[in-house]
Amino acid sequence: MSNDQQAASLYLRISVVTEASDSLERQERDLRSLAQAEGLDVVAVHRDEGVSGAAKNRPAFRAWIADAEAGRAGVLLAWSMDRISRGGLPAVARLIEILGETGARLLTFRDRVDSAAPSFKLTASIMSAVAEAERDAIAARILNRQASDRQQGRWTRPRPYGYVVEGGRLVQHAEEAEVVREAVRQLLAGRSLRSVVAALDDAGVPSPAAGKGYAARGDAPPRWRVPSLRRIVTSPALAGLYPRRGGAVGRGTDGEAVIVSDDPIITLAERAQVLAAIEQRAAVTPNGSRRTVVGAAPKHALSGLLRCECGGPLVFDNERVQANGERRHAYFRCQRQASNGRACQGRPVVRATVAEDWVEHAVVSHVAALEPGSPAFDAVADRWLARQDPTDDAERRAAREAVDVAEAEVADLEAARYERGEFPGTDGAARWQRLYARAVGRLNSARDTLAAFPDTLDVGGLLDPMLFAEALATNDVAERRALYRLVLDRVTVGRADGGGYTFTPAWAGEGDHAP
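Rules used throughout
- Residues numbered from 1 in each chain as written.
- Predicted model: local features only at pLDDT ≥ 70, side-chain atom pairs only at ≥ 80, totals over all residues.
- Heavy atoms only, no water.
- Helix = DSSP H or I, 4+ residues; strand = E, 2+ residues; numbered from the N terminus.
- Buried < 20%, exposed > 50% of the residue type's maximum accessible area, 1.4 Å probe, protein only.
- Contact = heavy atoms within 4.5 Å.
- Areas by Shrake-Rupley, 256 points an atom, 1.4 Å probe, with all protein chains shown as cover.
- pLDDT = per-residue confidence, 0-100.
- Axes fitted to C-alpha atoms, helices over the stretch in contact; angles between N-to-C directions.
- Parallel < 35°, antiparallel > 145°, perpendicular 65-115°, else oblique.
- Left-handed = near helix turned anticlockwise from the far one by under 90°.
- Nonpolar A, V, L, I, M, F, W, Y, C, P; charged D, E, K, R; others polar.
- Phe/Tyr/Trp six-rings, centres within 6.5 Å; stacked < 30°, edge-to-face > 60°.
- Lys NZ or Arg CZ within 6 Å of the ring centre and 35° of its normal.
- Pairing = 2+ DSSP bridges.
- Core = buried A, V, L, I, M, F, W, Y, C linked by side-chain atoms within 4.5 Å.
- Salt bridge = Lys/Arg side-chain N within 4 Å of Asp/Glu carboxyl O.
- Expected span 1.5 Å × (residues − 1).
- Arc of directions from axis to C-beta.

**What about the overall build of the protein?**
Part 1 of the argument: In terms of helices and strands, the protein carries 15 helices and 14 strands.
Part 2 of the argument: In the protein, buried positions account for 39% of the 515 residues.
Part 3 of the argument: Taking the intrachain contacts of the protein between residues at least 6 apart in sequence as the baseline, contacts between residues at least 24 apart amount to 60%.
Part 4 of the argument: For the protein, the accessible area works out to roughly 28,100 Å², and carbon and sulfur atoms hold 51% of it.

Here it is in C-alpha cells:
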C-alpha cells in the first residue's frame, strides 16, 4: 500500500500526568517544529495520557500505527524512542517489521532516530534495551519505597472503603465508617451477609462502586454485592492492620503486625468475632471444600449432614398433600445424578423421622461416651468454644498458628546453618546467632501465649446425655442442627441387604471434614 510521504502522524505519550519536562504540549510543539523542518504536513495527532510505555493496550499508539498501515501517513513522528515503547527488543522488532511492511519512515525529535539511516536497527535496539532497563529500575525503586513505607505503617494502596488517607495513614471516613460499623453489628447479631447487603440496598446506601455523578443524573445508587461486603468486613484494614494477599495481616521485619490507622473502625476483638461469625455460616460441600451459606434457614435439623453412599448429598423433601388428600411423609433423597442424567442408582429415600430418630439416639450415646483428653472430646470442645465465645476461639487458633509459624522459622534457620551451609564465616555465624535468638524468643513467647489457654475446655451440659437429649427435644430446627454439628461431621446412608437402611456416622475428631 502506497503512503503519502509528505503526510506525518504524531504520537505523544506520557505516563505521569504531573511531569513538566516532556509534557504532551511540549512533545506536540517539538514534533510540529520537526515536521516543518522536514517539509511534512501533520495529518493526525494521537495522545496516550497517563499510559505506561510497557502497556500492551494503548489505543493512541495503535491508531498511530494504523495511519501507516492504511496509507494515511508516510512518516511517523515521536518525541523519543522511549515514548514509543519501553517493552524492550520484542517491541522494537515488531515496529521494524511494521515499517518494512508499510514503507513508512520513523523520525524522533529528542534522540534524532531516523529509520532511513543504515544504523537504524542497531540504534533502535540499543535504545529499547536502555529504555527497558530504566523501566525496570524505576519499578524496583517504587517497590522498595512502597516496602519501606509499609514498614513505617504508611498506607501505599488506594483507600479502602470506610477510610480516607491523610499523611500516609488511614483516617475514618465519617459516613462510610458508620456504614461499616452498622454492617458489623448486624453480622455479629446473627444476620447473613446477603441480608445485610439487602438492608443496605433497601436503605439506599451507595455501594463502594458508586461514582460521583449518579445522584446528579437521578440514577439509583449501584447495588451492594455479597463478595464486596465480605471483602470489606474481613480485611485487616478494618481493624487498622496492613493487609496482605489472601486476607493475611502484613508484618514488619520484627514480626509484629503493621499498624496503618490510629483510629480503626473496629477493634481487634471485634475483627475476631466477625471472622468467626462468617466462618460459622459456612457449609462443607461433598468434596470437603467450604462455601458461604447465604440462603434461608435450614429446612431440617439434619440438612447438610446426610450423605448418600455415592457421595451425593441427601436433600430434604418436605411433606406434601397428594391428589387423594392424604399427606405424604417427608423424606431425604439423593440429589446426585449420574453422567447420563439419571438419578443415583442406589436411590436411597429415607423417611425424615427415621433418620432423625437414629441420629438423635446415636449422638446422645456418643456424647455420653466422650472421655476428656480424647480427640473426639477435644473436637467437640473446640466447636463448642467457637460457638459460645468466638473471640476466645479466634485468639486460641491465632496462638496455635503463631507457634506453628515460629517453629517453622526456627527449623528453617537451623537447616540453613547446618544443612545448606548458609551464613559462612565469623560474620555470618554472628548474624545467624542474632536471627536465631530472635526466632527462638518469638517461639517461646508464642508457646507462653498458647499455654495460657486451659488444656481442657468446659463443655458444660454436653457431657450429660439427659441434658443434651432435652436440648434436642425443646429447641428449634436451627438450634438442633447446631447441636448435631458439634458432634457429627456427616452420616452416610445406604440400603441394607435385607431391607431398610444403614447409617454410618463420621464423628468430630475422626476425620478432616469439619462442619
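Right, picking up where we left off after that structure.
**Some remarks on the confidence of the model for the protein**
Part 1 of the argument: Mean pLDDT over the protein: 75, with 70% of residues reaching 70 or higher.
Part 2 of the argument: Ranking the elements of the protein by mean pLDDT puts strand 8 (residues 290-292) last with 48 and strand 3 (residues 75-78) first with 91.
Part 3 of the argument: Low pLDDT, under 50, characterises residues 17-21; the predicted model gives this stretch four contacts beyond four residues in sequence or across chains.
Part 4 of the argument: Scored below 50 in pLDDT, residues 283-296 makes 31 contacts in the model with residues more than four places away or belonging to other chains.

**Notes on the packing of helix 10 (residues 352-368) against helix 15 (residues 477-487)**
Part 1 of the argument: The N-to-C vectors of helix 10 and helix 15 enclose an angle of 50 degrees; their axes lie 10 Å apart at closest approach. With respect to their mutual orientation, helix 10 and helix 15 come out oblique. Crossing hand, helix 10 versus helix 15: left-handed. For the pair formed by helix 10 and helix 15, the contact residues are E356, V359, E360, V363, H366 and V367 on the first element and R480, Y484 and V487 on the second.
Part 2 of the argument: Its residues assigned to classes, the contact of helix 10 with helix 15 comprises five nonpolar, one polar and three charged.

**What about the packing of aromatic side chains?**
Part 1 of the argument: What the rule picks out here adds up to eight aromatic pairs.
Part 2 of the argument: Relative to F61, the ring of Y11 has its centre 5.5 Å away and its plane inclined at 75 degrees; by these criteria the two rings are edge-to-face. Of this pair, Y11 sits in strand 1 (residues 7-14) while F61 sits in helix 2 (residues 59-69), placing them 50 residues apart in sequence. The pair Y11 / F61 is uniform in exposure class, with both members buried.
Part 3 of the argument: Clustering of aromatic rings is evident, with ring pairs tying together Y11, F61 and W64.
Part 4 of the argument: In this structure, R58 is placed above the aromatic ring of F61, and the distance from its NZ or CZ to the ring centre is 4.3 Å.
Part 5 of the argument: Over the ring of F109 we find R112, and its NZ or CZ is 4.8 Å from the ring centre.

**So, the sheet that holds strand 3**
Strand pairs in the sheet, formed through backbone hydrogen bonds, run parallel or antiparallel to each other.
Part 1 of the argument: If you trace the four strands from one edge of the open sheet to the other, you get 2-1-3-4, paired in parallel fashion. Edge strands, defined here as strands with exactly one partner in the open sheet, are strand 2 (41-49) and strand 4 (105-108). Within this sheet the neighbouring strands show an average axis-to-axis angle of 20 degrees, counted without direction.
Part 2 of the argument: With eight bridges connecting them, strand 1 and strand 2 associate as parallel partners. Bridge assignment links S9 to a residue of strand 2, and that residue is A44.

**Things to note about the nonpolar core**
Part 1 of the argument: V180, V184, L193, W224, L229, V233 and I265 are the most contacted members of the largest nonpolar core, which totals 30 residues.
Part 2 of the argument: Elements with a contribution of two residues or more to this core: helix 6 (174-188), helix 7 (193-202), helix 8 (226-234) and helix 9 (268-280).
Part 3 of the argument: It is helix 6 that contributes the most residues to this core, six residues altogether.
Part 4 of the argument: In this structure V180 touches Y161, I232, L238 and I265, once residues within four positions along its chain are discounted.
Part 5 of the argument: If you look at the next biggest cluster of nonpolar residues, it comprises 29 residues, including A330, F332, V491 and V493.

**Brief notes about the pattern of salt bridges**
Part 1 of the argument: This structure, assessed with the given rule, holds 16 salt bridges.
Part 2 of the argument: With a shortest N-O distance of 2.7 Å, D262 and R169 are connected by a salt bridge. One end of the pair, D262, is in the loop between helix 8 and helix 9; the other, R169, is in strand 6 (residues 169-172), with 93 residues separating them in the sequence.
Part 3 of the argument: Taking relative accessible area as the criterion, D262 reaches 65% and is therefore assigned exposed.
Part 4 of the argument: Looking at R169, the relative accessible area reads 19%, which means it is buried.
Part 5 of the argument: Of the charged contacts in the structure, one is a salt bridge between R442 and E409, with a shortest N-O distance of 2.5 Å.

**Quick notes on helix 1 (residues 24-38)**
Part 1 of the argument: For helix 1, spanning 15 residues, the distance from its first C-alpha to its last is 21 Å, which sits close to the expected 21 Å at 1.5 Å a residue.
Part 2 of the argument: Buried within helix 1 are the following residues: L24, Q27, E28, D30, L31, L34 and A35. Projection of helix 1 onto a plane perpendicular to its axis shows the buried side chains occupying an angular sector of 165 degrees, all on one side. Opposite the buried face of helix 1, at more than 90 degrees from it, the exposed residues are E25, R29, Q36 and A37.
Part 3 of the argument: On its buried face, helix 1 is in contact with strand 1, strand 2, strand 3, helix 3 (81-84) and strand 4.
Part 4 of the argument: Immediately downstream of helix 1, the backbone of G39 shows phi near 75 degrees, a positive value.

**Let's talk about the environment of Y436**
Part 1 of the argument: Mapped onto the elements of the fold, Y436 is located in helix 13 (residues 425-451).
Part 2 of the argument: Each C-alpha atom of the pair Y436 and A411 lies 9.7 Å from the other, and the pair is 25 residues apart in sequence.
Part 3 of the argument: The contact partners of Y436, leaving out residues within four places of it in the chain, are V410, L413 and E414.

**Some thoughts on the sheet that holds strand 11 (residues 331-334)**
Part 1 of the argument: Pairing in this open sheet of three strands is antiparallel, and the strands run 10-11-12 from one edge to the other. Sheet topology places strand 10 (314-317) and strand 12 (349-351) at the edges, where each strand pairs with a single neighbour. Ignoring strand direction, the axes of neighbouring strands in this sheet form an average angle of 30 degrees.
Part 2 of the argument: With three bridges joining them, strand 11 and strand 12 adopt antiparallel strand pairing. When the sheet's bridge partners are listed, Y331 is paired in strand 12 with R351.
Part 3 of the argument: Across the sheet, helix 10 touches strand 10, strand 11 and strand 12, and the angle it forms with strand 12 is around 70 degrees.

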